[in-house]
Amino acid sequence: MTSRALGFLIALASLVLVASCANTASCNAAYAVSPQYGKTCSFANPPNPDALPRASSWKIWSRFLVGGKTDTVPVDPIPVQPLTPAALQALDNEANHIVRLGHSSHLLKLRGKFWLIDPVFGERVSPFSFIGPKRFHKPPLTLAQLPPIEGLILSHDHYDHLDVPTIEYLAQRVQRYFVPLGVKARLIDMGVPAERIEEFDWWQAGAHDGVQLTATPSQHFSGRSLNDRNRTLWASWVIQSGTQRIFYSGDSGYFGGFKQIGERFGGFDLALMENGAYDAYWPDVHMTPEQSVQAFQDLRGKVLYSVHNSTFDLAFHTWHEAREQESREVLQSAVRQARWRNPVPRPFPGA
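First, a word on what this report is: a plain description of the structure on this page. (Residues numbered from 1 in each chain as written. Predicted model: local features only at pLDDT ≥ 70, side-chain atom pairs only at ≥ 80, totals over all residues. Heavy atoms only, no water.)

On to the side chain of Arg224, then. In this structure, Arg224 sits in the loop between strand E8 (211-216) and strand E9 (236-241). Salt bridges are absent for the buried Arg224, whose nearest opposite-charge side chain, Asp157, sits at 5.7 Å. Of the polar contacts made by the side chain of Arg224, one reaches the backbone oxygen of Leu162; its length is 2.9 Å. (Helix = DSSP H or I, 4+ residues; strand = E, 2+ residues; numbered from the N terminus. Buried < 20%, exposed > 50% of the residue type's maximum accessible area, 1.4 Å probe, protein only. Lys, Arg positive; Asp, Glu negative; His and termini not counted. Salt bridge = Lys/Arg side-chain N within 4 Å of Asp/Glu carboxyl O. Polar contact = N/O pair within 3.5 Å; in protein donor to acceptor, adjacent residues only side chain to side chain.)

This next bit is on the side chain of His286. Note that His286 resides in the loop between strand E11 (270-274) and helix H7 (289-298). At a separation of 2.2 Å, a polar atom in the side chain of His286 contacts the side chain of Glu274.

In this section: the packing of aromatic side chains. A complete count under the given rule lists 14 aromatic pairs for this structure. Summarising the aromatic geometry, the rings of Phe247 and Phe268 are spaced 5.4 Å apart at their centres and angled 50 degrees between planes, so their arrangement reads as tilted. A residue pair is termed long-range when its members are at least 10 positions apart, and Phe247 in strand E10 (residues 244-248) and Phe268 in the loop between helix H6 (257-265) and E11 qualify at 21 residues. The same class applies to Phe247 as to Phe268, namely buried. Ring geometry for Phe265 and Phe268: centres 6.0 Å apart, planes at 40 degrees, overall tilted. Given the relative accessible area of 2%, Phe268 is considered buried. Through pairs of rings, three or more aromatic residues link up here, namely Phe247, Tyr254, Phe255, Phe258, Phe265 and Phe268. The positively charged end of Lys69 is found above the aromatic ring belonging to Phe316, 5.1 Å away from the centroid. Here Arg173 stacks its cationic end above the ring of Tyr169, 4.0 Å away from the centre of that ring. (Phe/Tyr/Trp six-rings, centres within 6.5 Å; stacked < 30°, edge-to-face > 60°. Lys NZ or Arg CZ within 6 Å of the ring centre and 35° of its normal.)

A few words on the pattern of salt bridges. Under the counting rule described, the total for this entry stands at nine salt bridges. Two residues, Asp209 and Lys113, come together in a salt bridge whose shortest N-O distance is 2.8 Å. Of this pair, Asp209 sits in the loop between strand E7 (205-208) and E8 while Lys113 sits in strand E3 (residues 113-117), placing them 96 residues apart in sequence. A salt bridge links Asp269 to Lys302, with the shortest nitrogen-to-oxygen separation between them at 3.5 Å.

Using the criterion set out here, one finds one disulfide in the structure. Residue pairing for Cys27: its cysteine sulfur links by disulfide to Cys41, the two sulfurs lying 1.5 Å apart. Taking the torsion about the sulfur-sulfur bond, which here is approximately -60 degrees, the covalent link between Cys27 and Cys41 counts as left-handed. With Cys27 in the loop between helix H1 (3-21) and helix H2 (57-66) and Cys41 in the loop between H1 and H2, this pair connects stretches of sequence that are 14 residues apart. The class for Cys27 is partly exposed, based on a relative accessible area of 47%. The exposure class of Cys41 is buried, given its relative accessible area of 13%. (Disulfide = S-S within 2.5 Å.)

If you look at the biggest cluster of nonpolar residues, it comprises 27 residues, and the most contacted ones within it are Trp115, Ile153, Leu213, Trp237 and Ile239. Those elements that place two or more of their residues in this core are strand E2 (105-110), E3, E8, E9, E10, E11 and strand E12 (304-307). When residues in this core are grouped by element, the largest group, three residues, is from E8. (Core = buried A, V, L, I, M, F, W, Y, C linked by side-chain atoms within 4.5 Å.)

Strand order across the open sheet formed by six strands is E7-E8-E9-E10-E11-E12, with mixed pairing between neighbours. The sheet is open, and its two edges are formed by E7 and E12, each paired on a single side. Averaged over all neighbouring strand pairs, the angle between strand axes comes to 20 degrees, with direction disregarded. Two elements, E9 and E10, share five bridges in a ladder whose sense is antiparallel. Its bridge partner being in E10, Ile239 is matched across the sheet by Ile246. This element, H7, spans E11 and E12 of the sheet and lies at about 150 degrees to E11. (Pairing = 2+ DSSP bridges. Axes fitted to C-alpha atoms, helices over the stretch in contact; angles between N-to-C directions. Contact = heavy atoms within 4.5 Å.)

Because each turn of an α-helix spans 3.6 residues, side chains separated by three or four positions end up pointing in the same direction. Within H6 the residues assigned to the buried category are Gly257, Phe258, Ile261 and Gly262. Looking straight down H6, one finds its buried side chains confined to an arc of 140 degrees; they lie on one side. Buried residues in H6 make contact with E8, E9, E10, E11 and H7. (Arc of directions from axis to C-beta.)

Right, here's the structure in full:
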């Protein structure tokens, strides 16, 4: 048995123990009004005719345990440009800026105030500190170097988006938290004051310090152990700062909701689009690079920003495939559009 397979068995056995010791979640009356909340006391995606069928959980876990992987972890160190607090403060306070921290974690400076999206500074995305996917590179700055954070946005509760050590450190250092339904309880358990947390259903909107926020649909799932699947909601987010609109996809399979979001908001100046950890075994909850580009076009985006890749080994494709394939797809899409806009002249019939 390989060390990776042994590690997964240990993690799976530990999760079973955690699940057996946990109380079964009961229906929350506060969430009953949500169209996403069902009779099973859990959240669900609406029907998606575009989704391909997924493999069984047994097939997926078996593949992780005994399946082979090739080039899913970089051999050479990934170069990271260090970022200093002074450099952050020097960024124009009248503009909007985005700094990639790794995977889906981003630091935003929105007209002078700092925000975080799905911050993960931990070494592993796992319920355990000794096993699980380990990051390929350090963030460009440490938690201690972060400036005061005005707002923090979470897309869902998976370990590669909601990191316990990070949230415990930031608990009292963030003014407001914006999360999908059900995630508030997670944060309270991590030491975040309840009065600083706002929960959102899809299409619900709020505002803080001049920034407009709307939780929008995505096609994914949630859970942090074996008995809490879909007990919390997942979401994409629309962030408007000044005259600019930013879209963050969170994790999602491809679905018609991207076009609906684009139509409702009239397009986006920048779209942070999920691109990575996809597989034919789970095509309904993550997008291929081709689908990410199509979703970006559905959203009427102007600038595509690729996220959810190049930091953790979470699937079976090579660690660099997602970005390379997306780049090819963007180029091919641009060529197709150029041909459509400037068709090759053809003679009329009989000419």
